[in-house]
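Each chain is listed here by its residues.
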Amino acid sequence: MNSDAIEISGSGFRYSALVGDGSMAKAGEFARKVLSGNRCAIIADETSVRLFGDRISESFTAEKFSPHLVRIPAGEKSKSLTQVERICDELIEAGLDRSSFVVGLGGGVIGDISGFVAAIFQRGIPHVQIPTTLLAMVDSSIGGKTGVNLDAGKNLIGAIHHPALIIADVKALESLPPKELRQGYAEIIKHAIIRDAEMFRALSPRAKRQSGSDSKNGFVALIRRNIAIKARIVSADARETSGERALLNFGHTVGHAIERATNFKIPHGDCISIGMVAACGISTKRAGLSSRERDDVVALLKRFQLPTQLPAEVDRERVAAAVVHDKKFLGGKIRFVVTPRIGEAHLSNDVTMEDIREGIAEL
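Attention in this report is confined to the structure presented alongside it. (Residues numbered from 1 in each chain as written. Predicted model: local features only at pLDDT ≥ 70, side-chain atom pairs only at ≥ 80, totals over all residues. Heavy atoms only, no water.)

### Digging into the overall build of the chain
Thinking step 1. On a plain count of helices and strands, the chain comes out with 13 helices and 13 strands.
Thinking step 2. Radius of gyration (C-alpha) of the chain: 20 Å, near the 21 Å computed for a compact globule of 363 residues.
Thinking step 3. Expressed as lengths along the three principal axes of its C-alpha atoms, the size of the chain is roughly 60 × 45 × 40 Å.
Thinking step 4. Burial status across the chain gives 58% buried among its 363 residues.
Thinking step 5. Relative to all contacts within the chain whose residues are 6 or more apart in sequence, the contacts with residues 24 or more apart total 74%.
Thinking step 6. A total of about 15,100 Å² of accessible surface is found on the chain, and carbon and sulfur atoms cover 47% of it.
Thinking step 7. Distance from the positive charge centre (48 side chains) to the negative charge centre (43 side chains) of the chain: 2 Å. (Helix = DSSP H or I, 4+ residues; strand = E, 2+ residues; numbered from the N terminus. Rg over C-alpha atoms; globule rule 2.2 N^0.38 Å. Buried < 20%, exposed > 50% of the residue type's maximum accessible area, 1.4 Å probe, protein only. Contact = heavy atoms within 4.5 Å. Areas by Shrake-Rupley, 256 points an atom, 1.4 Å probe, with all protein chains shown as cover. Lys, Arg positive; Asp, Glu negative; His and termini not counted. Charge placed at Lys NZ, Arg CZ, Asp CG, Glu CD.)

In structure tokens, the structure reads:
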């Protein structure tokens, strides 16, 4: 088992992301090195429990931890305050206290809700992230963002609560169907657009070999590269105050609006993919992105079977109306992430609501 640590640190936080092949079997051993409490809750959905529940529980039990498995329904609908209250009640009944910790076992939804529970239970206890999807490994498990949804929008209730440890086991990805795997590639392509032109070229249809898919070592290296990109951005702007971390929202303003307008029926990565196409269209108008590079983005998304257009049945007006609920609107002003060229991005205050409407209408 080969597991390499990526250190993630900033003002008031420091933790490691362990990326390897088979690292989940040693989750308890890794946790014992950084945590002293003995009682923990493993929060997972039905799929994660079926695939990994016994393995993780046994790993923690072997290190003299007392794990309690908390099952929640799969899907975005579980990210609610009602579900958080139910989990907290179960944690109390299971005897967890301020010396305990929470383990999030699953994809991004599990990481968001388990992290939020850890942030508020007993005013905050440690959180261990064990992401089981590519999307969670390269994106949502890093940076401490936790939260749940309201009817008015996504992640409107939450807290910044950095994990004590991230354990990313590429072996877990073997159970993912192609549709689920491509959700992670949406965020990988986003990282390439905003920060890594070299990775963009390596992934592009013109590259001789598709980076990350030719070998397991190459796949591990691709995941590590993306964790490192997000880690650097998070370390520079942990609480999204300087604008640096906001760059990670490229494609998300429209992407989140699509999720909300379709009642989360379209997967997150697919929505972000379509949102990035809109963001590129807006970037050609407001940031000088060339139409050739915009077409290169579309071609790369298509290479990974990601959608680049809204389904015909989706109401564009509904999507545009949902945009105003985005958290990146400050004081009613739009802060939109644009890219002037592949490998770079910045926040723009020049983008208008009309620009966004036009971008959505063209999808």
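Next, the rest of the story.
### Examining a nonpolar patch on the surface
Thinking step 1. There is a patch of nonpolar side chains on the surface, built from L81, L150 and L156 and spanning about 220 Å² of accessible area.
Thinking step 2. Here L156 shows up in strand β8 (residues 153–160).
Thinking step 3. With relative accessibility at 32%, the residue L156 sits in the partly exposed group. (Patch = residues over 30% accessible without salt bridge, like charges linked within 9 Å, V, L, I, M, F, W, Y side chains within 5 Å. Salt bridge = Lys/Arg side-chain N within 4 Å of Asp/Glu carboxyl O.)

### A word on unusual backbone geometry
Thinking step 1. Positioned with a positive phi, K64 is a non-glycine residue whose angle comes to about 65°.
Thinking step 2. Within the secondary structure, K64 is located in the loop between α2 (46–62) and β4 (66–72).
Thinking step 3. A positive phi is found at F264, a non-glycine position, where the angle reads about 60°.
Thinking step 4. Inspection of the secondary structure puts F264 in the loop between α9 (252–261) and α10 (268–286).

### So, the packing of aromatic side chains
In this description, a pair of aromatic rings is defined by centroid distance and the angle of the planes.
Thinking step 1. Under the defined criterion, the tally for this structure stands at five aromatic pairs.
Thinking step 2. Judged by centre distance (6.1 Å) and plane angle (40°), the ring pair of F13 and Y15 falls under tilted. Residues F13 and Y15 agree in their burial class; the two are buried.
Thinking step 3. Seen in terms of ring centroids, Y185 and F304 are 4.3 Å apart; in terms of plane orientation they differ by 20°. Their pairing is stacked. In this pair, Y185 is assigned in helix α6 (residues 178–195) and F304 in the loop between α11 (291–303) and α12 (316–323), connecting sequence segments 119 residues apart. (Phe/Tyr/Trp six-rings, centres within 6.5 Å; stacked < 30°, edge-to-face > 60°.)

### Some points on α12
Thinking step 1. Within α12, burial applies to V319, A320, A322 and V323. Along α12, the residues classed as buried sweep out an arc of 160° about the axis, all on the same side. Looking at α12, the residues exposed on the side facing more than 90 degrees away from the buried face are E317 and R318.
Thinking step 2. Between the side-chain oxygen of the N-cap and the backbone nitrogen of E317 there are 2.9 Å, and the N-cap of α12 in question is D315. (Arc of directions from axis to C-beta. Polar contact = N/O pair within 3.5 Å; in protein donor to acceptor, adjacent residues only side chain to side chain.)

### Focus on the nonpolar core
Thinking step 1. Counting residues in each nonpolar core, the largest one holds 76 residues, and the members touching the most others are I223, F336 and I356.
Thinking step 2. Those residues within four positions of I223 in sequence are excluded, and the remaining contacts are V19, L134, M137, V138, V170 and L173.
Thinking step 3. Counting 22 residues, the second largest nonpolar core, distinct from the first, contains F30, I56, F60 and L165. (Core = buried A, V, L, I, M, F, W, Y, C linked by side-chain atoms within 4.5 Å.)

### Overview of the side chain of S273
Thinking step 1. Its location among the elements puts S273 in helix α10.
Thinking step 2. Each residue touching S273, except ones within four places of it in the same chain, is listed here: L301, L306 and P307.

### Comments concerning the environment of P340
Thinking step 1. Within the fold, P340 resides in the loop between β12 (336–338) and β13 (346–348).
Thinking step 2. When its relative accessible area of 13% is taken as the criterion, P340 is described as buried.
Thinking step 3. Beyond its immediate chain neighbours, meaning those up to four positions away, P340 contacts A287, G288, L289, E293, A345 and H346.

### As for the pattern of salt bridges
Thinking step 1. This model, assessed by the stated rule, comprises 20 salt bridges.
Thinking step 2. For E76, the salt bridge goes to K79, with nearest N and O atoms at 3.3 Å.
Thinking step 3. For E76, a relative accessible area of 16% translates into the label buried.
Thinking step 4. Taking relative accessible area as the criterion, K79 reaches 2% and is therefore assigned buried.
Thinking step 5. In this structure, the salt-bridge partner of D112 is K79, at a minimum N-O distance of 2.6 Å. With D112 in helix α4 (residues 108–120) and K79 in the loop between β4 and α3 (81–93), the pair connects residues that are 33 residues apart, well separated along the chain.
Thinking step 6. The network of salt bridges with common partners includes E76, K79, D112, K154 and E259.

### Focus: empty space enclosed by the protein
A water-sized probe rolled over the atoms picks out the places where empty space is left.
Thinking step 1. As enumerated under the stated definition, the model contains three cavities of 30 Å³ or more in all.
Thinking step 2. Estimated volume of the largest cavity: approximately 100 Å³.
Thinking step 3. What lines the largest cavity is a set of 12 residues, among which G153, K154, H256, H325 and D326 lie closest to the centre.
Thinking step 4. Looking at the lining of the largest cavity, the elements that each hand over two or more residues are β8, α9 and α12.
Thinking step 5. With four residues, the top contributor of residues to the lining of the largest cavity is α9.
Thinking step 6. Along the lines of polarity and charge, the residues of the lining of the largest cavity split into four nonpolar, four polar and four charged. (1 Å grid on protein atoms, 1.4 Å probe; cavity = no way out; pocket = protein on both sides within 12 Å on 5 of 7 lines; lining within 4 Å. Points joined across faces, edges and corners; volume = space filled by probe spheres on them. Nonpolar A, V, L, I, M, F, W, Y, C, P; charged D, E, K, R; others polar.)

Geometric descriptors of this kind do not, in isolation, establish any biological role.
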